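Here is what each chain is made of, one letter per residue.
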Amino acid sequence: MLSRHQLALLAYPAPDDGHPTPSHSRAGLIGRAAETELLDALLRGRERIPALLVNGEIGVGKTALLRAADEQAHRAGRRVVWVTGAPAEADLPYSGLHQLLYALRADLGRLPAHQRVTLSRILGHADGPTPDRLSTCAATLSLVTELADDGGLVVLVDDAQWIDRESTELFAFVARRTCGLAGLVLVVAARQPGPLLAAAGPYGRQLAPLSDHDAGLLIDAWHPTLHSRVRRIILDHARGNPLALIELPKALSQEQRCASMPLPVHLPVTPRISGHVGARIRALPEPARQLLLVAALDEKAQLATIAEATGETDVTAQLCPAERHHLVTMDTDRLLFTHPLVRLTTIDLATRGELRTAHRQLAGVTNADQDVRATHLAAAALGPDDTVADALAAAGDRAADQGVLTTATEMFARAAELSTAPAARAERLGIAAQLACRAGWLQWAKHLNPAPEEFGVTTHTAAVSAYLLSLDEGDVDMAHRRLVRVFDDPSTSVPMRRMALEMLFHVCVLADRPDHWAALDAVLARPDCASAEIVLRCRAILSGRDGDAATMRERFLELLDRWPTTPAELTALSTASLSATASALDAVTELLPVLRGLHEAPADNRGAPTARFGLHMEILDRYHSGRWDEAETLLRESATVAGVSGLRTLEGIARCQRALLAAVRGETEQALELTDEVLRWAAPRGIGLAVILAHQARSLVALGTGDHEQAYATLSNIAPAGAMTRLPVSARRIVFDLADAAAHTGHGAQAAAYLHTLRDGGFDRLSPRMTMLTHGATALLARDSHTDEAFRQALTAPGHERWPLEHARIRLAYGERLRRAKEIGPARVELGAALEVLERLGARPWATRARNELRAAGLAVARPAEGPAGLTAQEESVARLAAQGLTNKQIAVRLRLSDRTVSGHLYKVYPKLGVTSRTGLRDALEIRAGWDADGTAD
């Protein structure tokens, strides 16, 4: 049988979930700096103590600390011996000493003959009676002293609570007599302080749970792709316990880790957790285990409720073994689990029959809360039961009204399983799928949605299928037609109409075509569609029915100020409506507090689309405000969520956002590759939003490389002449790009006509950003004395600091105009200010343009370093992953690039770092990391 130390070592290879295991030998133990420093002092002889006793709860990191001591000792050239306690050997005299002597058996020859015989008898290698305790202790002391003087000896005792009494006393004997011996270090780990604490004196260390900060670092090191919402739930359950932080995410599916499927009511545990915690639970008497299970399934765990449910007259007496095993504590009226892992493991160890019995017992005493009672009855049911199904469906209705959509979905799905009539099953499955869509659990909705061939086509089936079609296949035209037909069915319920309207609005946002919006307006005019207030208000604002273009944004901000932000009112679909409107009106920053408040709410149980819409807003905010590294990190999270969820439409939008970011950073090849993919996918499916974003990214690439003719041609695809009234609001923001391209290509008249139409519609006052862009476009197209005034109005527009890239580009254009007008002094001021911002942002194409203009104005400007050894951000990411041993294909998947792009980056990286293959990458990057900004070594 493997020892616990060997098992612990086996736990460190890459886990089954595909996440790389952190290098603990390089990174050190997170949150244990003081303990590792003390170990280092002991090994270096700076501290001399009898023994270091480490104790703490299961999973707190005692074995990991011993393992760190092992690594430090080997680096220091010390010999290391492990002794590991086990319950099966706790009553076997000298079993702990036997482990020590067996490891050192080759060195027994160093001892005098009588001591060698004494220890050989303990090992069973010599005949004779068992030696007396004093002789055994003296011989062991001689052996460890000899080895300590000859290169040093480190003895690591794990699970000391299971070490036999005789060995424990021997270790204490040795520790008291070797305190001044620098070559011997004794480190002992136990759950609770025992007899060895006396030997350790004041050097006992209680390992506390990790702080919130360190817990976050640990979970991020082991599970870097874990969705933020799931991460928060794991942190809450783990309560700083390293074992829980590492293991709990492994028990989840990939879809659950990415928040595309809901987490189970009770988190599952891994065999490793069950092995650590379950041993104490299995050791309990059967009555105690039964009471513990009932308490684990009862949210309040009131002692009176447990007693009434089980018929046990003296609950506290029966639970005393659990309290002695440090599984629970009991106050006057309630049972408290010492750690959430105990509760989860108790449920995980129970059989199906035990779980049904416990749920049935709780249902029998839960009369005050009918919804809780219905849940227990449903969990206890062995087969279809219409009475329980009806009660559970009624509970689901109440949960949906309160906005607890995941719980409501689970209730309707279980009610469908318990229903005997096919029609009732179909209806309840349809409602469950509808609620899953509203909550944002698209994979779950796809699984729940009733099959037409089994139950026939219902309103629920058609609506859910349409929404799934729009997000999965991307066929927005078919989805639009199916959703419009839902409103022709007079039997459609009010909640169903509301959900269908929210879906229809989202489909219109994706399509972004006048005919789709017109069909939505016709549906919204019906008197039976008044319940979807967010959709009605958002559409009224965007269409201008609430006022002219200049007041659209103002109306939206008023809506945000007065609209409640409880889960009952903000579903995944209504969040999408608000997000689309905010994006069109440059009100992303104002919407974020609403979305963050919903995201952090304890009742928040929403899935991938909700997370994706929130992420979309966060990404836009980071992109517009110039925090591009943060935007790139969020884009990776967004792509993971969308990809695992099967949300191909949202994944396509994420590609557009990555293309925009690549374009402004000057990563031309990646931007064009991404936009090619998007256009091939989106154009045939009629996803107008993705097409517009892809063309915008391509125009930025052309503008950055100075190909103004190509930029103008690309922008004309977004804004054809004379189509202003049919343009989506988001497309109107290309006005400055269009003017920039037109001013260099002789198309000034066409761009000016576009600008005038924009002003005539009042869209220049749509937002501070639009005001800045229209003034900038006016300045570029002007050829008279009003140019300077237009530039000044653009550069002093209120709130311009929220859009640093566009503001810097306008300043750059102004500097260029001044230089060409021979106003060298003012030109240098504007160009220098623009260059400072553009370099800070990493907008390389425009920074290069500003640098060249400054040189033309008579200033010598040095080219700044782009990163380690002049690597671009993308090259550095590829290099670091390659240095970790990832293949080109794995890097491509991680960074969402093509294999060809990865190969191209590595081809450029090798000469920059002075290496010829992957084997030299790690050393080269580490050497470069030690260089400071001016290129001199630290």
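All of the points below concern the structure found in this document. Note that this is a predicted model, so its numbers are computed, not measured.

## Thoughts on the overall build of the protein chain
Consideration 1: Counting its regular elements, the protein chain contains 51 helices and 7 strands.
Consideration 2: Buried positions account for 54% of the 938 residues belonging to the protein chain.
Consideration 3: Partitioning the intrachain contacts of the protein chain with sequence separation of at least 6 by distance along the chain shows that 67% fall at a separation of at least 24.
Consideration 4: Accessible surface, the protein chain as shown: approximately 39100 Å² in total, 53% of it carbon and sulfur.

## Let's talk about the pairing of strand β2 (residues 79-84)
Consideration 1: Counting buried positions along β2 gives 5 out of 6 residues, so the element sits mostly inside the fold.
Consideration 2: Pairing analysis gives 6 bridges linking β2 to strand β3 (residues 153-158), with the strands arranged parallel. Following the sheet pairing, Thr84 is matched in β3 by Asp158.

## Re the environment of Val507
Consideration 1: Within the secondary structure, Val507 sits in helix α29 (residues 494-511).
Consideration 2: Expressed as a C-alpha distance, the spacing of Val507 and Ser470, which sit 37 residues apart in the sequence, is 6.7 Å.
Consideration 3: With residues near it in sequence (within four places) discarded, Val507 still touches Ser470, Val476, Ala479, His480 and Leu483.

## Quick word on the packing of helix α43 (residues 768-781) against helix α45 (residues 804-820)
Consideration 1: The interhelical angle for the contact between α43 and α45, taken along N-to-C directions, is 20°, at an axis separation of 11 Å. Classified by the interaxial angle, the pair formed by α43 and α45 is roughly parallel. The hand of the α43/α45 crossing is left-handed. Judged by residue contacts, Arg769, Met772, Leu773, Gly776, Ala779 and Leu780 of α43 engage Glu806, His807, Ile810, Ala813 and Arg817 from α45.

## Focus on the environment of Ala394
Consideration 1: Within the secondary structure, Ala394 sits in helix α22 (residues 386-401).
Consideration 2: Here the alpha-carbon distance between Ala394 and Ala374, two residues 20 residues apart in the chain, equals 9.1 Å.

## Details of the nonpolar core
The nonpolar side chains of soluble globular proteins are, as a tendency, buried together.
Consideration 1: Of all hydrophobic cores here, the largest spans 168 residues; its most connected members are Phe505, Phe556 and Leu838.
Consideration 2: The element that contributes the greatest number of residues to this core is α29, accounting for 12 residues.
Consideration 3: Setting aside chain neighbours within four positions, we find Phe556 in contact with Cys538, Ile541, Leu578, Thr581, Ala582, Leu585 and Ala587.
Consideration 4: In this structure, Ile234, Leu252, Val328 and Leu362 belong to the second largest nonpolar core, which totals 53 residues.

## A look at helix α24 (residues 422-439)
Consideration 1: If you check α24, its first and last C-alpha atoms are 25 Å apart, about what 18 residues at 1.5 Å a residue would give, namely 26 Å.
Consideration 2: The buried fraction of α24 is high, at 13 of 18 residues.

## Some points on the packing of aromatic side chains
Consideration 1: Under the counting rule described, the total for this entry stands at 3 aromatic pairs.
Consideration 2: Ring geometry for Phe505 and Trp517: centres 5.6 Å apart, planes at 75°, overall edge-to-face. Here Trp517 lies in helix α30 (residues 514-524) and Phe505 lies in helix α29, a separation of 12 residues in the sequence. Exposure class is identical for Phe505 and Trp517. Each is buried.
Consideration 3: Relative to Trp628, the ring of Tyr623 has its centre 6.3 Å away and its plane inclined at 25°; by these criteria the two rings are stacked. The pair formed by Tyr623 and Trp628 is uniform in burial state, with each residue classed as buried.
Consideration 4: If you follow Arg105 out to its NZ or CZ, it ends over the ring of Tyr102, 4.0 Å from the centre.
Consideration 5: The ring of Phe173 has Arg177 sitting right over it, with the charged end atom 3.8 Å from the ring centre.

## So, unusual backbone geometry
Negative phi characterises most residues that are not glycine, and trans characterises most peptide bonds.
Consideration 1: A positive phi angle, near 50°, is found at Asp159, a position not held by glycine.
Consideration 2: Note that Asp159 resides in the loop between β3 and α8 (165-177).
Consideration 3: Asp159 gets classed as buried once you look at its relative accessible area, which sits at 7%.
Consideration 4: Notably, Arg239 is not glycine yet its phi reads approximately 50°, a positive angle.
Consideration 5: Inspection of the secondary structure puts Arg239 in the loop between α11 (228-238) and α12 (242-247).

## Remarks on the side chain of Ser577
Consideration 1: Structurally, Ser577 can be placed in helix α33 (residues 572-584).
Consideration 2: Ser577 sits in the buried class, given a relative accessible area of 1%.
Consideration 3: Apart from the residues lying within four places of it in its own chain, the contact partners of Ser577 are Phe505, Ile534, Val535 and Cys538.

## Looking at the pattern of salt bridges
Consideration 1: All chains considered together, the criterion is met by 45 salt bridges.
Consideration 2: Residue Glu146 is joined to Arg110 by a salt bridge in which the shortest nitrogen-to-oxygen separation is 3.9 Å. Linking Glu146 in helix α7 (residues 133-149) with Arg110 in the loop between α5 (95-103) and α6 (113-123), this pair joins segments that are 36 residues apart in sequence.
Consideration 3: Note on Arg110: relative accessible area 37%, which makes it partly exposed.
Consideration 4: For the salt bridge of Arg820 with Glu853, the shortest nitrogen-to-oxygen distance reads 3.3 Å.

## Details of the sheet that holds strand β5 (residues 204-206)
Consideration 1: In space, the 5 strands of this open sheet follow the order β2-β3-β4-β1-β5, with parallel pairing throughout. Each edge of the open sheet carries a strand with a single partner, namely β2 and β5. Strand-to-strand, the axes of this sheet are offset by a mean angle of 15°, without reference to chain direction.
Consideration 2: Here strand β1 (residues 52-55) pairs with strand β4 (residues 184-190) via 4 bridges, running parallel. Residue pairing for β4: Leu52 is matched across the bridge by Val187.

## Considerations on the pairing of β4
Consideration 1: The element β4 is largely enclosed, with a buried count of 7 among its 7 residues.
Consideration 2: Side chains Leu184, Leu186, Val188 and Ala190 project from β4 onto one buried face, and the interleaved Val185, Val187 and Ala189 project onto a second face that is buried too.
Consideration 3: One crossover worth recording links β3 to the parallel β4 by way of α8, and it is right-handed.

Criteria and thresholds
- Residues numbered from 1 in each chain as written.
- Predicted model: local features only at pLDDT ≥ 70, side-chain atom pairs only at ≥ 80, totals over all residues.
- Heavy atoms only, no water.
- Helix = DSSP H or I, 4+ residues; strand = E, 2+ residues; numbered from the N terminus.
- Buried < 20%, exposed > 50% of the residue type's maximum accessible area, 1.4 Å probe, protein only.
- Contact = heavy atoms within 4.5 Å.
- Areas by Shrake-Rupley, 256 points an atom, 1.4 Å probe, with all protein chains shown as cover.
- Pairing = 2+ DSSP bridges.
- Axes fitted to C-alpha atoms, helices over the stretch in contact; angles between N-to-C directions.
- Parallel < 35°, antiparallel > 145°, perpendicular 65-115°, else oblique.
- Left-handed = near helix turned anticlockwise from the far one by under 90°.
- Core = buried A, V, L, I, M, F, W, Y, C linked by side-chain atoms within 4.5 Å.
- Expected span 1.5 Å × (residues − 1).
- Phe/Tyr/Trp six-rings, centres within 6.5 Å; stacked < 30°, edge-to-face > 60°.
- Lys NZ or Arg CZ within 6 Å of the ring centre and 35° of its normal.
- Salt bridge = Lys/Arg side-chain N within 4 Å of Asp/Glu carboxyl O.
- Right-handed = clockwise from strand over helix to strand, strands pointing away.

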